[in-house]
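Take a look at the letters that make up each chain.
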Amino acid sequence: DVWEFQSSIGKFVKSKKNVVIRISHNGDFDALYIYGQLSTVNEIGLWLERVLHCDNSTKGDSPKVAGCMDLFRVQGRWAAAARLAFIRCILGSITEVTGGTTLSKA
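Note that the coordinates shown come from a computational prediction; the quantities given were computed from them, not determined experimentally. (Residues numbered from 1 in each chain as written. Predicted model: local features only at pLDDT ≥ 70, side-chain atom pairs only at ≥ 80, totals over all residues. Heavy atoms only, no water.)

Caption draft 1: Representation of the nonpolar core within the structure. Residues Ile44, Trp47, Leu48, Val51 and Leu71 are the most contacted members of the largest nonpolar core, which totals 18 residues. Residue assignment for this core shows that the elements contributing at least two residues are β3 (31-34), α1 (41-52), α2 (62-72) and α3 (78-89). The biggest single contributor to this core is α1, with seven residues. If we skip the residues at most four places from it in the chain, isoleucine 44 touches Leu32, Ile34, Ser39, Cys68 and Ile94. (Core = buried A, V, L, I, M, F, W, Y, C linked by side-chain atoms within 4.5 Å. Buried < 20%, exposed > 50% of the residue type's maximum accessible area, 1.4 Å probe, protein only. Helix = DSSP H or I, 4+ residues; strand = E, 2+ residues; numbered from the N terminus. Contact = heavy atoms within 4.5 Å.)

As structure tokens, this is what we get:
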């Protein structure tokens, strides 16, 4: 669901939209600097499983790039924006999604 401002009626209206994110990627997403530390692509994959609430059994870095794009693209998506704000402003480390333990398959 996407919220759009309809100037003709002066309010936000909720609607369904098909959205495509096209990623051009050269295959060297090895790590992400997050929460003040460098996390490997494998750690990012396990973290994304938790924050996006979906299983990721894929290998490689391209699915992790796609997961990051899904997480970071929030325009017009209030729930996604609130989730990203929580992840960026409330969580303090990558392992907080596992109660402070090492990231592993859920």
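Further notes follow.
Caption draft 2: Structural view of α1. An ideal rise of 1.5 Å per residue puts 16 Å on twelve residues; α1 measures up with 16 Å between its terminal C-alpha atoms. Buried within α1 we find Val41, Ile44, Gly45, Leu46, Trp47, Leu48, Glu49, Val51 and Leu52. (Expected span 1.5 Å × (residues − 1).)

Caption draft 3: Structural detail: a nonpolar patch on the surface. A cluster of nonpolar side chains, namely Trp3, Phe5, Phe12 and Trp78, defines an oily patch on the protein surface of about 450 Å² accessible area. Its place among the elements puts tryptophan 3 in strand β1 (residues 2-6). (Patch = residues over 30% accessible without salt bridge, like charges linked within 9 Å, V, L, I, M, F, W, Y side chains within 5 Å. Areas by Shrake-Rupley, 256 points an atom, 1.4 Å probe, with all protein chains shown as cover. Salt bridge = Lys/Arg side-chain N within 4 Å of Asp/Glu carboxyl O.)

Caption draft 4: Molecular detail of the pattern of salt bridges. The tally for this structure, following the rule as stated, stands at three salt bridges. Residue lysine 105 pairs with aspartate 55 through a salt bridge whose shortest N-O separation is 3.2 Å. Of this pair, lysine 105 sits in the segment after α3 while aspartate 55 sits in the loop between α1 and α2, and the two are 50 residues apart along the sequence. Residue classification places lysine 105 among the partly exposed residues on the basis of a relative accessible area of 45%. Given a relative accessible area of 62%, aspartate 55 falls into the exposed group. Counted as one network, the salt bridges with shared partners bring together Glu49, Asp55 and Lys105.

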